[in-house]
Amino acid sequence: MDWRDGFTASQRAGGTAPSLEAERSARADAEASAARMERLQSVTAALSRARTPDEVAEVTLGRGVSALGGARGLLLVPGAGGGMDVLPSGDGVGAAAAARLGGPGPVRDAFHSRTPMFLEDRASLAALYPGHDGLAGEAFIALPLPSQGLPLGVLYVAYDAPRAFPDAERALAVTIASQCAQALDRARLFVAERLARAEAVAAQRRLAFLDDVSALLAATLEEEEMAAGVVRLAVPALGDWACVLALRDEGLVAAARLGLESVGAPVEARARALAVERLLIAGEPPRPEPIDEFPELPAAGPAPRSAVVAALVAGGEALGILAVASADPARRYGAADRVLVGEVARRTALAIAHARLLRDARAAARAREEFLQVASHELRGPLGTLRLGVQLLLRDQRGGPATKPSEPRLRMIGRQADRLVRLADALLDVSRITAGRLVLAREEADLAALVREVAGRYTEEASDAGCALTCDAPGPVRCPFDAARIEQVLSNLVSNALKYGQGKPVHVSIAASSASARVTVADRGIGIAPADQERIFGRFERAVSGRHYSGLGLGLWIVQQIVAAHGGSIGVESTPGQGSSFTVELPLAAD
C-alpha cells in the first residue's frame, strides 16, 4: 500500500465518526417509529374488532394505554347532568374517579377545547389546576376523542414517573385517540342499529299479538269468552299469569284467570287496591300501572317480580281491569310493554262494550216485539167486548122503540172504554217518563181522603171479582202530592190486588209517622215469587203469564216512577200462594 492509500484510510477513519452517530440515531429513530407504528397497528386492529362501546373501552384502556407507555387510564364520555360517565359501564373505581375528573381540570378542558393536554409532571398539573385530584400518577395526558368535529369523550392516561412527550409520542397519542373515537362512533352506530332491529322485531311481534287479540275479540259476543281468550293469549306472550276482573254490581269479579297461582295472588290483591284507588275512575282511562313491589309474597312456588295493571274503560264507563305478571327476575315491564298491555285493555273494553250494546239492542228488540204482541192482545180484548156490546144494543134497538138499553150492557161498555183509556194513558206515560217530561202539580191535601175515594170507586169491580174490599183510612193525613198521579198509583195497586186476589179479601190502609205517610194495599191471592219481587218494577216486566192475566207490564214501572218523583218509595212483601202487600211511602208536609 502506498502513501496515498494510508492517507485515504486515515482520512476515512477520522471523518466517519459523526456519520456513524447520525446513522445510529437514524436507525434508532426508525426502529422507534416502526415500534410506534406496530403498536398503533395493533391497537387499530383490536379496535376494528370491537363491536360495543364497552369493548372499545377495554381495547383502548388495555392496548391503547400500553402503546402510550401509560400505567393506567380512563375513557370518559358525556353523562347526565353535564357530568362524565366512565367506560366500560359498571367500573365502580373508574366511576368514582370520573366524578372527580368531571370538574375543572385537564379532562374538562380537553373535552371543551378539543385540544390534547400533555402534563409532564405533577408540578405542571398543580400549576394549571391547583388542588386538582384525579388519577394517581406523576405525568398525565388528556386526549379528546374527535368525531366529525365534535368530541365523543376524553381518554385520560396517567404515568408513574415524570415524562417528556416528544412530538412523535404526541402524534401517536393523538392518532390512537382518533382511532378510539372512530371505533367508539362505529360501536354506537352498531349498538343503535342492533337496538333498532330488535325494536323492529319486537314491534312486529306486538302488532301480530294485537292482531290475534282483535281476531279473538271479533269472533265472539260473549264477555266470558272474550276474557278467557285474552288471558290465553297473554300467557306466556306477556307473562306467566294474567287475569281479567269484571266490574259488576257486587264489585270486581274474576272473569278469567290463567297462570301460576303463586304469581297471581299477590298481583291480584294489588290490582284490586289500585282499581279502588285510581284505575276505575269514570272518564278517560288512566295509564297502565306498573307494579314492582309485592309486600306479601307466597310461602311456596314462584313469586311475582313485575306486573302491569290496566283499566278496561270504554265510553267513559269502567268495565274492569286487566292484569299481567311475570316471575322472571330479569324481566321488567318497560314503556313499550305498558303501552301494549294498555292497547290490549282498550280493545278488550271496546269489544265488551260493543257486545253489551248489541245484547241490549237485541233485548230491546225482543221487548218491543213482546210489547207489540201484548199491546195488540190487550187492545183486542176491550175492543171486542165493546163491539159485542154495541151489537147487542143494536139488536135490542131493532126489537122496538119501547125497548130500553140494558144497564148492565152499558156498564160493560163503560168499563171497556175506561180500560182503553188506561191503556192509552199508560203508553203516553211511558213516553213522558222516558223523555224526562213527567211534570207533577203537587199541592198539600188529605191523602187519606183520596185513599177512601179510590177504594170506594172500586167497590163494584171488587163485587164482580168476588173480593171483599175494605178500607182503613181514618182521620186526615196531609202531605204534598199530585192528586191525579197519586190517584193513578192507588188505582193501579187496587186494580192489581183485585185481579190477582183470586176472589179473596183485599185491604187498603193508610198510616202516618213523624216523617212519612204509608199506604198499604194487601191481598191474599197468588203472591209473587222472591226472584220476581224486584223485577216486576221494571218496564215491560210481568211475574205471571200473559195468557192468564191481561196487562202490558207497565203499571208497576209507572207507579214506581211516579212515587220516586214525589221523593217516596214503593216496596212489596209477598209469599207465593198467600198474597202480596204493596207499600207506598210519601214524605209528609213540613210543619
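Our subject is the structure listed above.
This one's a predicted model, so the numbers in the text were calculated from it and none came from an experiment.

A.B. asks: In this structure, what is going on with the overall build of the protein? I would like to understand it.
C.D. replies: A tally of helices and strands in the protein yields 15 helices and 17 strands. Sorting the 591 residues of the protein into buried and exposed places 39% on the buried side. The contacts in the protein between residues at least 6 apart in sequence include a share of 63% that link residues at least 24 apart.

A.B. asks: Even after reading the chapter, I still don't get the pairing of strand β15 (residues 516–523), so can you show me in this structure?
C.D. replies: For a regular strand, the rule is simple: side chains alternate between the two faces of the sheet. The element β15 is extensively covered by neighbouring structure, given that 6 of its 8 residues are classed as buried. What sits between the antiparallel neighbours strand β14 (residues 506–512) and β15 is a turn of 3 residues. Examined bridge by bridge, β15 and strand β17 (residues 579–587) share 7 bridges and lie antiparallel to one another. Within β17, the position partnered with Arg518 by the bridge is Glu585.

A.B. asks: So what exactly am I meant to see when it comes to the side chain of Thr520 here?
C.D. replies: Structurally, Thr520 is set in strand β15. Beyond its immediate stretch of four places on either side in the chain, Thr520 contacts His507, Val508, Ser509, Ser581, Phe582 and Thr583.

A.B. asks: Even after reading the chapter, I still don't get the sheet that holds β14, so can you show me in this structure?
C.D. replies: Note: strands within a sheet are paired through backbone hydrogen bonds, in either parallel or antiparallel orientation. The strand order across the open sheet formed by 5 strands is β12-β14-β15-β17-β16, and the pairing between neighbours is mixed. Edge strands, defined here as strands with exactly one partner in the open sheet, are β12 (469–472) and β16 (569–575). When strand polarity is set aside, the average angle formed by the axes of neighbouring strands in this sheet is 15°. Pairing of β14 with β15 involves 7 bridges; the strand directions are antiparallel. Within β15, the position partnered with Ala512 by the bridge is Ala517.

A.B. asks: Help me understand the nonpolar core, please; the structure alone is not making it clear to me.
C.D. replies: Side chains of a nonpolar character, in soluble globular proteins, are inclined to be buried together. With 42 residues, the main nonpolar core has Leu447, Leu493, Ile510 and Phe582 as its most contacted residues. Counting residues per element, this core draws most heavily on helix α14 (residues 483–500), which supplies 7 residues. Setting aside chain neighbours within four positions, we find Leu447 in contact with Val477, Cys479, Phe481, Ile486, Ile510, Ala517, Val519 and Leu586. Core analysis: the next-biggest nonpolar cluster, separate from the first, contains 33 residues, Val59, Val77, Ala139 and Tyr159 among them.

A.B. asks: Could you clarify how one ought to interpret helix α12 (residues 447–457) in this entry?
C.D. replies: An α-helical segment advances 3.6 residues per turn. Residues three or four places apart therefore align on the same side. Among all positions of α12, only Leu447, Ala448, Leu450, Val451, Val454 and Ala455 are buried. Buried positions in α12, seen along its axis, are confined to an arc of 160° and lie on one side of it. For α12, the capping residue at the N-terminal end is Asp446, with a side-chain oxygen 3.1 Å from the backbone nitrogen of Ala448.

A.B. asks: Any chance you could explain the pairing of strand β1 (residues 72–78) here in plain terms?
C.D. replies: Counted residue by residue, β1 has 5 buried out of 7 residues, so it is predominantly covered. Sheet topology places β1 next to strand β5 (residues 150–159); 5 bridges connect them, and they run antiparallel. Bridge pairing in β5 places Leu75 opposite Leu155.

A.B. asks: Help me understand the packing of aromatic side chains in this model?
C.D. replies: Each aromatic ring pair is specified by the distance between its two centres and by the angle formed by the two planes. In total, this model carries 4 aromatic pairs according to the counting rule given. Ring geometry for Phe537 and Phe582: centres 6.3 Å apart, planes at 70°, overall edge-to-face. With Phe537 in the loop between β15 and α15 (555–565) and Phe582 in strand β17, this residue pair connects regions lying 45 residues apart in the sequence. Given the relative accessible area of 9%, Phe537 is considered buried. Linked through ring pairs, Phe118, Tyr159 and Phe165 together constitute an aromatic cluster.

A.B. asks: I would appreciate a short explanation of the sheet that holds strand β8 (residues 289–291) in the present structure.
C.D. replies: What the 5 strands build is an open sheet, ordered β7-β6-β10-β9-β8; its pairing is antiparallel. Unpaired on one side and paired on the other, β7 (251–259) and β8 mark the two borders of the sheet. Strand-to-strand twist in this sheet, taken as the mean axis angle between neighbours without regard to direction, amounts to 20°. Direction of pairing for β8 relative to strand β9 (residues 306–314): antiparallel, over a ladder of 3 bridges. Opposite Glu289, over in β9, you have Val309 as the bridge partner.

A.B. asks: Would you mind showing me how to read the environment of Pro329 here?
C.D. replies: Position of Pro329 relative to the elements: it lies in the loop between β10 (317–326) and α10 (335–398). Assessed through its relative accessible area of 56%, Pro329 is described here as exposed. Taking the C-alpha atoms as reference points, Pro329 and Arg305, separated by 24 residues in sequence, lie 5.8 Å from one another.

Rules used throughout
Residues numbered from 1 in each chain as written. Predicted model: local features only at pLDDT ≥ 70, side-chain atom pairs only at ≥ 80, totals over all residues. Heavy atoms only, no water. Helix = DSSP H or I, 4+ residues; strand = E, 2+ residues; numbered from the N terminus. Buried < 20%, exposed > 50% of the residue type's maximum accessible area, 1.4 Å probe, protein only. Contact = heavy atoms within 4.5 Å. Pairing = 2+ DSSP bridges. Axes fitted to C-alpha atoms, helices over the stretch in contact; angles between N-to-C directions. Core = buried A, V, L, I, M, F, W, Y, C linked by side-chain atoms within 4.5 Å. Arc of directions from axis to C-beta. Polar contact = N/O pair within 3.5 Å; in protein donor to acceptor, adjacent residues only side chain to side chain. Phe/Tyr/Trp six-rings, centres within 6.5 Å; stacked < 30°, edge-to-face > 60°.

Keep in mind that these numbers describe shape and distance, not what the molecule does.
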